[in-house]
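Understanding the architecture of this molecule
One letter stands for each residue in the lines below.
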Amino acid sequence: MNDQGAPRAGLTTSTHTPVMQQYLRIKAEHPDSLVFFRMGDFYEVFYDDARKANRLLDITLTARGTSAGEPVVMAGVPVHALESYLAKLVKLGEAVAIAEQVGDVATAKGPVERKVTRIVTPGTITDNELLAERRDSLLLAITRDRASFGLAWLGLASGQLGLTECSERELPAWLARLDAAELLCADRDALPAALAASGLAITQRPAWQFDAALGVRKLCEQLQVASLAGFNAQDLPLAHAAAAALLSFAEHTQSQALAHVRTLSVERAGDLLDLPPATHRNLELTMTLRGEASPTLLSLLDVCRTGMGSRALRHWLTHPKRARDEATARHDAIAQLLAQGFAPLRDALRGVSDVERIAARIALRQVRPRELAGLRHSLQSLPALRASVPGGTALLAELQAALHPDPAVAALLGRAVVDEPAALLRDGGVIAPGHDAELDELRAITQNCDAFLLELEARERQRTAIPNLRVQFNKVHGFYIEVTSSHVDKVPADYQRRQTLKNAERYITPELKTFEDKALAAESLALAREKWLYEQLLDALQAQLATLAALARALATLDALAALAERAATLGWCRPQFVSHPCIDIEAGRHPVVQARLAETGGGDFIANHCRLDAKTRMLVITGPNMGGKSTYMRQVALIVLLAAMGSHVPATTCRLGPIDAIHTRIGAADDLANAQSTFMVEMTEASAILHGATEQSLVLMDEVGRGTSTFDGLALAGAIASHLHDRSRSFTLFATHYFELTAFPEKHAGAANMHVSAVESGASGSHDIVFLHEVQPGPASRSYGVQVARLAGMPAAVVRQARGALEALEANQRAAALQVDLFAAPPPPPASTPSEVEEALADLDPDSLTPREALDALYRLKQLTRRTP
């Protein structure tokens, strides 16, 4: 071996022991994975894998025995603790190949046969112990052609398969909403810099696997269709190429076909509300700015009874559609649940298992006995669940109709699985009594052995007239009939002598021999029979996968709707109204998360505020003190718009919304040192993306733009950005600023209006205490109260006095100077220039009328002109 503990390159596999030959052959097939090699009650790792496992898992590294003349470096983990170690490795982004013993240990000549039965990677985990209950773990494949990208994703534990194509500008938004666990690509170096540095687990696959024609064929085979037209997926060649690699990798990791993947969703950027990564982050939709799961909008909404309901709710939040049909149907359903009562539905859902993941694990033949028992209970509870679903809307009626799976499934599970099965199949006690006569007989042998021996002893005493005949057992000689020497002459002809003692003889009969063979092997035979019957049960359930998937979708949707109804009732939310004309009209709106936190901590009542934007007023310039509530107000408007778009009721008294295609945000200050971007560069980059992407139907939040540079630089940029949003983008814009010069903006821009967050000073003379009223009122703020806020923060009194004196002097000087610069004047036209010879020659060309020879001559002429151009 080399110094690292791996086999020497010069040693052939044949020089190793048979077991190590088997391991090295499997390792050669999975060079990028840690190979967990099953040896009895342990999974062992060897050589470099052992050193890596020792470093990552902190398990003991040993060297036992030799192979090819060198010590075998190894480490191991117990079989019963596998999931905990896998969880650590998956979290670290590692792939693990599980090599199980598939041969019969008792009959094997040489090493028992082993085979990789599955490969566990961050994007392909299906074990409940490794998965987060309330979120999907997605595998994402990506390919590109110049500035266009094809994406394909798969939730292996749910069976959800999706495709899309997007531009490079749209890519970050897709990555944010999908939040994948693992990325497949052909060339890591060709990925956009932001993606390569995102920390996402990246797996490189051969370039030939990203083939569009192969993708179409694999998709059609997977979905069991002749064409993708039925899914509106026929015109996505880049996505097809990504799907080819995605499905190949998923099948490779599971070592089998994906029987539960039978539906496809095609999502196009134009169909969804655009939520860039900055919006996800700034609005704290699923993660706080500190990287925590709570308090966020999702954590407030998610009171679902099941994991599949939580996952559906997360998808609605991150994939809201621009079209209002789906959201309106959910609004109707929530209103009906509020009117007729949602409590019975939520109570009925309390005991429902995660049917979605159970169905996937049935398809992958990884389902555990207790999951089948949970599925049986869920199926048996469906009548009560159906009765708790109110009618009155098309969506609720559709969902209620889906709660009618084939009753044969519940009946089969009722016959086949005991009420409380063992946690693992290998422990036995899973198949119900009466389901299989052979298994019942084997169990009876092990459970009723003593009774059989007593019954046989009584029969033989009667048949032979030997009063002291005994039927017994010991571990050396097995079962036997013992007869004392005085009664040997009475022994029947079918008794076969097994052992001679000093005063007795021991015999065996054909009946006892048959029982002995069964009894000695009954336990292992019963377990083997149970495993076979369990596989037969899984075979029978394969035909029900589509029905179970449809049931899971209906249950998840009902759970999410009932959760939103509960939130609306508990938090006092209203139903939003969609209108066709442009407007955002919110009466007494509240920030849902801040209001909930105030209620939890006893921090007082949340002050509700209005927001009115329409075709006439498209921008609000918001001024006021720090901590006054400007950012909270802006965020609450965006969250209300988003909640309405996903189909939820909203925290307001009334809400009317026109068409919205995107929510863009530029809030907060943060640098990106890893990518060499300062705070101001991050700010300008995000603002630039907004100006390029915002439309008349976009909602834009701009908070304190320009504060990362000098006062004049920042003021000039803030004024120019506000002018662009007002004059060109014409977006619905909330523009918060501390530059009081911008309060003059509405004077020259008819579509803008001033608003301010109110505050008052109080206290004894000279104390200048400030009280934040958190009310948004028309007009500009009178001052920013920055010095007062510094005082509240505990700044030393001397510093506060000095700052106040300097502020008064600066304000006096500014009033005297009466700044005359027009911040909002239109930009001057670019200076005129005389066209160059090259430009004149290009202007004279008509490419469509040129012959190939003329085009070549023109190209040579242009080349000559460029050489002459200074």
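Rules behind the numbers
Residues numbered from 1 in each chain as written. Predicted model: local features only at pLDDT ≥ 70, side-chain atom pairs only at ≥ 80, totals over all residues. Heavy atoms only, no water. Pairing = 2+ DSSP bridges. Helix = DSSP H or I, 4+ residues; strand = E, 2+ residues; numbered from the N terminus. Contact = heavy atoms within 4.5 Å. Axes fitted to C-alpha atoms, helices over the stretch in contact; angles between N-to-C directions. Buried < 20%, exposed > 50% of the residue type's maximum accessible area, 1.4 Å probe, protein only. Arc of directions from axis to C-beta. Salt bridge = Lys/Arg side-chain N within 4 Å of Asp/Glu carboxyl O. Disulfide = S-S within 2.5 Å. Core = buried A, V, L, I, M, F, W, Y, C linked by side-chain atoms within 4.5 Å. Phe/Tyr/Trp six-rings, centres within 6.5 Å; stacked < 30°, edge-to-face > 60°. Left-handed = near helix turned anticlockwise from the far one by under 90°. Nonpolar A, V, L, I, M, F, W, Y, C, P; charged D, E, K, R; others polar. Patch = residues over 30% accessible without salt bridge, like charges linked within 9 Å, V, L, I, M, F, W, Y side chains within 5 Å. Areas by Shrake-Rupley, 256 points an atom, 1.4 Å probe, with all protein chains shown as cover. 1 Å grid on protein atoms, 1.4 Å probe; cavity = no way out; pocket = protein on both sides within 12 Å on 5 of 7 lines; lining within 4 Å. Points joined across faces, edges and corners; volume = space filled by probe spheres on them. pLDDT = per-residue confidence, 0-100.

A sheet is described by the order of its strands in space; here four strands give the open sequence β17-β21-β18-β19, paired in mixed fashion. Edge positions in the open sheet fall to β17 (577-578) and β19 (609-614), since each of these has one partner strand only. Here helix α23 (residues 630-646) sits on the sheet in contact with β17, β18 (583-589), β19 and β21 (654-657), set at roughly 110° to β18.

The next point concerns helix α22 (residues 592-601). Every buried residue of α22 is accounted for by P592, V593 and A596. Angularly, the buried residues of α22 cover 90° about the axis, an arc narrow enough to put them on a single face.

All chains considered together, the criterion is met by 46 salt bridges. Its salt-bridge partner being D136, residue R311 comes within 3.6 Å of it at the nearest N-O pair. Of the two residues, R311 sits in helix α10 (residues 307-318) while D136 sits in the loop between β6 (114-120) and β7 (138-145), which places them 175 residues apart along the sequence. The network of salt bridges with common partners includes D136, R311, D354 and E356.

For the rest of this paragraph, the subject is helix α4 (residues 171-178). Taken as a whole, α4 has its buried residues at L171, A173, W174, R177 and L178. Seen from one end, α4 has its buried residues packed into an arc of 160°, which puts them on one side. Each element contacted by the buried residues of α4 is listed here: β7, β8 (148-155), β9 (160-167), α8 (277-282) and α10. Just beyond α4, the residue with positive phi is D179, at close to 50°.

Right, let's get into the state of the cysteines. This structure, assessed with the given rule, holds zero disulfides. C655 supplies the cysteine sulfur nearest to C583, a cysteine that is in no disulfide, at a spacing of 8.4 Å. The exposure class assigned to C583 is buried, which follows from its relative accessible area of 4%.

Of all hydrophobic cores here, the largest spans 124 residues; its most connected members are L555 and I584. Per-element tally for this core: the top contributor is helix α21 (residues 545-571), with 15 residues. Not counting residues up to four positions away in its chain, the partners in contact with L555 are M308, L349, V352, V355, L382, L385 and L403. Judged by nonpolar contacts, the second largest core, of 26 residues, contains A152, L156, L161 and L236.

Moving on, we get to the packing of aromatic side chains. One pass over the structure, following the stated rule, counts nine aromatic pairs. Considering the side-chain rings of Y23 and F37, the 5.7 Å spacing of their centres and the 90° angle between planes classify their relative orientation as edge-to-face. Here Y23 is found in helix α1 (residues 18-29), whereas its partner F37 is found in strand β1 (residues 34-39), with 14 residues between them in sequence. With respect to burial, Y23 and F37 carry one shared label: buried. Residues F452 and F515 carry aromatic rings whose centres are separated by 3.9 Å and whose planes lie at 20° to one another, so their mutual orientation is stacked.

Across the junction of S294 and P295, the peptide omega takes the value 0°, indicating a cis bond. Turning to its location among the elements, P295 is positioned in the loop between α8 and α9 (297-301). The phi dihedral of D179 is positive, around 50°, even though this residue is not glycine. Within the secondary structure layout, D179 lies in the loop between α4 and β10 (182-185). Even without a glycine there, the phi angle at N232 is positive, about 55°.

A separate point is the environment of E83. Here E83 shows up in helix α3 (residues 82-91). Once the C-alpha coordinates of E83 and E129 are considered, the two residues, 46 residues apart in sequence, prove to be 6.4 Å apart. Those residues in contact with E83, other than ones at most four positions away along the chain, are D127, E129, L130 and R368.

The subject of this paragraph is the pairing of strand β4 (residues 70-78). Inspection of the sheet shows strand β2 (residues 42-46) paired to β4 by five bridges, in the antiparallel sense. Counterpart to Y43 in the pairing with β4 is V77. For strand β3 (residues 62-67) and β4, the ladder comprises five bridges, and the chain directions are antiparallel. The residue of β4 that forms the bridge with T62 is M74.

At their nearest, the axes of helix α11 (residues 325-340) and α21 sit 9 Å apart, and the two run at 65° to each other. By crossing handedness, the relation of α11 to α21 is classed as right-handed. Facing α11, whose interface residues are R330, A333, I334, L337 and L338, α21 presents L561, A562, L564, A565, A568 and A569. For the contact of α11 with α21, the per-class residue count stands at 10 nonpolar, no polar and one charged.

An order of β13-β14-β16-β15 is seen for the four strands of this open sheet, with the pairing classed as antiparallel. Of all the strands in the sheet, just β13 (470-474) and β15 (496-500) have a single pairing partner and so form its edges. When strand polarity is set aside, the average angle formed by the axes of neighbouring strands in this sheet is 40°. In the packing of helix α19 (residues 449-464) onto the sheet, contacts are made with β13 and β14 (478-484), and the angle to β13 comes to roughly 145°. Across the sheet, helix α20 (residues 510-542) is in contact with β13, β14, β15 and β16 (504-508); its angle to β14 comes to roughly 145°.

Next up on the list: a nonpolar patch on the surface. Side chains of L856, L859 and Y860 sit close together on the surface and give an oily, nonpolar patch of about 320 Å² of accessible area. Inspection of the secondary structure puts L856 in helix α30 (residues 852-868).

Looking now at the layout of surface pockets. Taken as a whole, the second largest pocket spans an internal volume of roughly 1,300 Å³. Considering the residues around the second largest pocket, the lining is formed by 34 residues, among which R38, Y43, E100, R365 and R426 are closest to the centre.

Relative to the helices and strands, E686 is located in helix α24 (residues 679-693). Look at E686 and you get buried, because its relative accessible area is 14%. For E686, the residues in contact, after removing those within four places along its chain, are A278, R281, T665 and R666.

All right, on to the confidence of the model for the protein then. Scored by pLDDT, the protein has a mean of 85; 87% of the residues are at 70 or more. Scored below 50 in pLDDT, residues 1-5 shows 17 contacts in the model against residues more than four places distant or in partner chains. This model gives residues 815-820 a pLDDT under 50, and the stretch forms two contacts once residues within four places in sequence are excluded.

Turning our eyes to something else, we now look at the environment of M308. Examined against the element boundaries, M308 turns out to sit in helix α10. For M308, a relative accessible area of 2% translates into the label buried. Once the C-alpha coordinates of M308 and R134 are considered, the two residues, 174 residues apart in sequence, prove to be 6.9 Å apart. Not counting residues up to four positions away in its chain, the partners in contact with M308 are V352, S353, D354, V355, E356, A552, L555 and A556.

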